[in-house]
Amino acid sequence: MASMRAMQVSEPGGPIELVQREVPAPGPGEALVRVHACGVCHSDSLAKEGGYPGVSHPIVPGHEIAGAIEALGQGVHGWEVGQRVGVGWFGGNCGYCDQCRRGDLMNCLNMGIPGITFDGGYADYVLVKASALALIPDDLGDEDAAPLLCAGITTYNALRHSGAHGGELVAVLGVGGLGHLGIQFASKLGFDTVAIARGSEKEELARKLGARHYIDSTVQDPAAELARLGGARVILATVTNAAAMAAVLGGLGVRGKLLIVGASMEPMELPSAMLIAGSKSIAGHASGTSKDSEDTLAFSVLADVRPMIETLPLEQAGEAYERMMSGRARFRMVLSTGA
């Protein structure tokens, strides 16, 4: 049997270690993808540390996968060996639960997650359901495509379904791994884009990415500044700081929405009365299906949106993970297999 490299976590909290595994063969409805690049996401900590429902060790992390189809199992239609494809958080739906039967595939009760509920992309090959595949455009490189399959789809899909229209005020809270993409998408979608971050050092970058306004939350009241601009139709919260999210809520305009994509278990404290005046709301948004990933990649090519990345070889997955977790990455770490 042919062997492959895989960066494995053998136990919760354990190191990310290089191991040799047999290359798996696709079963019915499955595709074997030759990984070219895999992004390193904060959510990979769910595999590294354990605790997420469905995680069992040993596990190979990684859900920002860009590569090409190596082999197809029986019953797979619409795909061909050699096609460039990506796989994100959506690892394929079951097709039979209530949510699938209602067409709500992203909320499938049995949805797989690469690198969480089955082995992911920190490896030379990954085995996935064919329903998880997204076509990568020819004009997009693998290393750029990888982060767009998680950070990209999360921000783009949330914004395009937010209810905001071109010309309306949309703020992006945070200029980091998610936020630097959120600003680009908000600008390219035609919103009057505001970037909110701590300190002045990110203002120049935020404006280059497309922000027309910049709010330094260390010296300005972000809610008051947004209100001065007319009130935000949407605030996309890409940070994981609940206090920072609560601090911008007063900057929402009438029927404005605080849209949360930065995952945190920290409770948010705010007076509920703030939501009543002006009929404001708080909502979360999951990433999206494989087709949503395709839309994200296609729009990124069309509008020239790209992630800011640092790359390391597959064998240095542990170093890439630590750099991402420390916040030192600018702004997404990507592993390259050299394929």
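Predicted, not measured: the structure shown is a model, and the values here were computed from it.

Caption draft 1: Focus on the overall build of the protein. Helix and strand content of the protein: ten helices and 15 strands. On C-alpha atoms alone, the protein measures out to a radius of gyration of 20 Å, which is about the 20 Å that the 2.2 N^0.38 rule sets for 339 residues. Classification of the 339 residues of the protein by burial places 53% in the buried group. Counted over contacts in the protein with a minimum sequence separation of 6, partners at least 24 positions apart contribute 66%.

Caption draft 2: Summary view of helix H10 (residues 317–326). The complete set of buried residues in H10 reads Ala317, Ala320, Tyr321 and Met324. Angularly, the buried residues of H10 cover 100° about the axis, an arc narrow enough to put them on a single face. Tucked inside the fold, the buried residues of H10 contact strand S1 (3–9), strand S2 (16–22), strand S3 (30–40), helix H1 (45–49), strand S14 (309–313) and strand S15 (332–336). The positive-phi residue at the C-terminal boundary of H10 is Gly327, with phi of around 85°.

Caption draft 3: Focus on the environment of Asp292. Tracing the chain through its elements places Asp292 in helix H9 (residues 290–303). A C-alpha to C-alpha distance of 16 Å links Asp292 and Ala303, two positions eleven residues apart in sequence. The contact partners of Asp292, leaving out residues within four places of it in the chain, are Ile153, Asn157 and Arg160. Among the polar contacts made by the side chain of Asp292, one reaches the main-chain amide nitrogen of Thr289 at a distance of 2.9 Å.

Caption draft 4: Representation of the pairing of strand S9 (residues 192–197). Summarising burial for S9: six of the six residues are buried, a large majority. For the crossover that starts at strand S8 (residues 169–173), traverses helix H4 (residues 179–188) and ends in the parallel S9, the hand is right-handed. Examined bridge by bridge, S9 and strand S10 (residues 213–216) share four bridges and lie parallel to one another. Residue Ala195 lies in a different strand from S10, and its bridge partner there is Tyr214. Each parallel crossover has a hand, and the one from S9 via helix H5 (residues 203–209) to S10 is right-handed.

Caption draft 5: Quick peek at the side chain of Arg5. Mapped onto the elements of the fold, Arg5 is located in strand S1. Here Arg5 falls in the buried class, since its relative accessible area comes to 19%. Here Asp124 takes part through its side chain, which lies 2.8 Å from a polar atom of the side chain of Arg5. When neighbours within four sequence positions are excluded, Arg5 is seen to be in contact with Leu18, Val19, Gln20, Ala123, Asp124, Leu314, Glu315 and Thr337.

Caption draft 6: Looking closely at the nonpolar core. Membership of the largest hydrophobic core comes to 49 residues, with the highest contact counts inside it found for Val40, Tyr122 and Leu133. Looking at this core, the elements with two or more residues in it are S1, S3, strand S4 (64–72), strand S5 (84–87), strand S6 (125–129), H10 and S15. In terms of residue count, the dominant contributor to this core is S3 (six residues). If you look at the next biggest cluster of nonpolar residues, it comprises 37 residues, including Ala37, Ala164, Ala197 and Val305.

Caption draft 7: Main features of the packing of aromatic side chains. Applying the stated criterion across every chain yields a total of four aromatic pairs. Ring centres of Phe185 and Phe299 lie 6.1 Å apart, and the angle between their planes is 40°; on these two criteria the pair is classed as tilted. Of this pair, Phe185 sits in helix H4 while Phe299 sits in helix H9, and the two are 114 residues apart along the sequence. On the basis of relative accessibility, which here comes to 14%, the residue Phe299 falls in the buried class. Every member of this aromatic cluster is reached through a ring pair, and the members are Tyr156, Phe185 and Phe299. Cation over ring: Arg34 sits above Tyr125, and NZ or CZ is 5.0 Å from the ring centre.

Caption draft 8: Representation of the packing of helix H3 (residues 142–160) against H4. It is at 9 Å that the axes of H3 and H4 come closest, and there the two elements cross at 40°. For the element pair H3 / H4, the angle class is oblique. Where H3 crosses over H4, the two elements pack in a sense that is right-handed. When H3 is examined against H4, the residues Leu148, Ala151, Gly152, Thr155, Tyr156 and Leu159 are found in contact with a partner set consisting of Leu181, Gly182, Phe185 and Ala186. Residues that form the contact of H3 with H4 fall into these classes: seven nonpolar, three polar and no charged.

Caption draft 9: Region of the structure containing unusual backbone geometry. Cis geometry marks the peptide bond from His57 to Pro58; its omega dihedral reads 5°. Structurally, Pro58 is set in the loop between H1 and S4. With an omega of -5°, the peptide bond between Arg330 and Phe331 qualifies as cis. Mapped onto the fold, Phe331 is located in the loop between H10 and S15.

Caption draft 10: Geometry of the sheet that holds strand S13 (residues 281–284). The six strands lie next to each other as S10-S9-S8-S11-S12-S13, forming an open sheet whose pairing is parallel. If you trace the sheet from one side to the other, it starts and ends with S10 and S13, each paired once. With direction set aside, neighbouring strand axes in the sheet form an average angle of 20°. In terms of strand pairing, strand S11 (residues 232–237) meets strand S12 (residues 252–260) through five bridges, oriented parallel. Looking across to S12, one finds that Val234 is bridged to Lys257. Relative to S8, H4 is tilted by about 170°, and along the sheet it contacts S8, S9 and S11.

The rules we used
- Residues numbered from 1 in each chain as written.
- Predicted model: local features only at pLDDT ≥ 70, side-chain atom pairs only at ≥ 80, totals over all residues.
- Heavy atoms only, no water.
- Helix = DSSP H or I, 4+ residues; strand = E, 2+ residues; numbered from the N terminus.
- Rg over C-alpha atoms; globule rule 2.2 N^0.38 Å.
- Buried < 20%, exposed > 50% of the residue type's maximum accessible area, 1.4 Å probe, protein only.
- Contact = heavy atoms within 4.5 Å.
- Arc of directions from axis to C-beta.
- Polar contact = N/O pair within 3.5 Å; in protein donor to acceptor, adjacent residues only side chain to side chain.
- Right-handed = clockwise from strand over helix to strand, strands pointing away.
- Pairing = 2+ DSSP bridges.
- Core = buried A, V, L, I, M, F, W, Y, C linked by side-chain atoms within 4.5 Å.
- Phe/Tyr/Trp six-rings, centres within 6.5 Å; stacked < 30°, edge-to-face > 60°.
- Lys NZ or Arg CZ within 6 Å of the ring centre and 35° of its normal.
- Axes fitted to C-alpha atoms, helices over the stretch in contact; angles between N-to-C directions.
- Parallel < 35°, antiparallel > 145°, perpendicular 65-115°, else oblique.
- Left-handed = near helix turned anticlockwise from the far one by under 90°.
- Nonpolar A, V, L, I, M, F, W, Y, C, P; charged D, E, K, R; others polar.

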